Amino acid sequence: MSYSIKTDKSTIFTVIGLITMIILTITKVVPSSQLAGYAVFAGIAFFFIVEAFAKTRDAESGLRFKTVLADIKKPGVLLWTLLPIVSAIATLAVGNLIFSGDFVSHVMGRAGSMLSFDKILLLTVQVIIAALGEEIAFRGFFVGKAMKIFPFWPCAVVSSIVFAAGHIAPGNVALVVYDVAAIFIDSILYTMVYRKSGNCLISTISHIFSNGCALAASFILF
């Protein structure tokens, strides 16, 4: 299959959005920089901008509320939706074994800057909002819109590299590499959920349950 780049407005804004997200994430190389977090907001904004310029019909949108039940019933979707949960628990178990408990502390420290662990209701809302925002930005926009221009796998890999890089937190080099690699794998899994379902709300559900189970396991098991 050949891919040609069309210079319509939706394509132009897709490319601008992708570059913006990548540049914002690259600022992670400066430990004190807080700009990387804005990559999610940029992705969300460009998702809706591109859909507006492309005049995307509701049935073709990458964000569909009305078809959630139908989309999750598509072949293979449920399996891919559950795989990140298994991956999250396995990542914690192996990380805890390799790094003698330091990995869970690292993850909790990374997440602690955004989540309120002492307030369950607020924590639940934060997990849901964070997952939805990341899925719209990285699956709905970065993958969904980019794959209208480029082949799927380059979009999947590059978006997952950017997604993982945005989660880098200070720490032991080996521990950080392990953490980022695990996030990259999870991102690939969320991308497959999106590809199979065509709806980033389904990948959001997968993301929420994965993060929720990982947090619960961190408190209960580790």
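This text gives an overview of the structure that appears in the document. (Residues numbered from 1 in each chain as written. Predicted model: local features only at pLDDT ≥ 70, side-chain atom pairs only at ≥ 80, totals over all residues. Heavy atoms only, no water.)

Concerning the nonpolar core
Grouped together as the largest cluster of nonpolar side chains are 35 residues, with contacts concentrated most on Met21, Leu63, Phe138, Phe141 and Phe142. Contributions of two or more residues to this core are made by α1 (9-26), α2 (38-54), α6 (120-143), α7 (152-165), α8 (173-197) and α9 (200-220). With near-sequence residues (within four places) excluded, Leu63 lies in contact with Phe47, Phe48, Ile136, Asn199, Cys200 and Leu201. Counting residues in hydrophobic clusters, the runner-up holds 14 residues, among them Val104, Val127, Leu175 and Tyr178. (Core = buried A, V, L, I, M, F, W, Y, C linked by side-chain atoms within 4.5 Å. Buried < 20%, exposed > 50% of the residue type's maximum accessible area, 1.4 Å probe, protein only. Helix = DSSP H or I, 4+ residues; strand = E, 2+ residues; numbered from the N terminus. Contact = heavy atoms within 4.5 Å.)

Overview of the packing of aromatic side chains
Throughout the structure, instances matching the rule amount to nine aromatic pairs. An angle of 45° between the planes, with centres 6.0 Å apart, marks the rings of Tyr38 and Phe41 as tilted. Of the two residues, Tyr38 and Phe41 both sit in helix α2, three residues apart, roughly one turn of that helix. Taking relative accessible area as the criterion, Tyr38 reaches 49% and is therefore assigned partly exposed. An angle of 70° between the planes, with centres 5.0 Å apart, marks the rings of Phe152 and Trp153 as edge-to-face. Grouping aromatic residues by their ring pairs yields a cluster made of Phe99, Phe103 and Tyr178. (Phe/Tyr/Trp six-rings, centres within 6.5 Å; stacked < 30°, edge-to-face > 60°.)

Observations concerning empty space enclosed by the protein
Evaluation of the coordinates by the stated rule reveals one cavity of 30 Å³ or more. The computed volume of the largest cavity comes to approximately 500 Å³. Along the wall of the largest cavity there are 25 residues; nearest its centre are Val107, Arg110, His167, Asn211 and Ala214. Only α4 (77-98), α5 (102-112), α6, α8 and α9 provide two or more residues apiece to the lining of the largest cavity. Of the residues forming the lining of the largest cavity, the biggest block, six residues, is contributed by α9. (1 Å grid on protein atoms, 1.4 Å probe; cavity = no way out; pocket = protein on both sides within 12 Å on 5 of 7 lines; lining within 4 Å. Points joined across faces, edges and corners; volume = space filled by probe spheres on them.)

Things to note about the packing of α8 against α9
Packing of α8 against α9 brings their axes to within 8 Å, and their N-to-C directions diverge by 150°. Taken together, α8 and α9 sit at an angle that is classed as roughly antiparallel. Between α8 and α9 lies a crossing of right-handed hand. Between α8 and α9, the residues in contact are Tyr190, Val193, Tyr194 and Ser197 and Cys200, Ile202, Ser203, Ser206, His207, Ser210 and Asn211, respectively. Residues that form the contact of α8 with α9 fall into these classes: five nonpolar, six polar and no charged. (Axes fitted to C-alpha atoms, helices over the stretch in contact; angles between N-to-C directions. Parallel < 35°, antiparallel > 145°, perpendicular 65-115°, else oblique. Left-handed = near helix turned anticlockwise from the far one by under 90°. Nonpolar A, V, L, I, M, F, W, Y, C, P; charged D, E, K, R; others polar.)

Some remarks on the side chain of Ser10
Within the secondary structure, Ser10 sits in helix α1. Within the structure, the side chain of Ser10 is placed 2.8 Å from the side chain of Asp8, a separation counted as a polar contact. Apart from the residues lying within four places of it in its own chain, the contact partners of Ser10 are Val50, Phe53 and Ala54. (Polar contact = N/O pair within 3.5 Å; in protein donor to acceptor, adjacent residues only side chain to side chain.)

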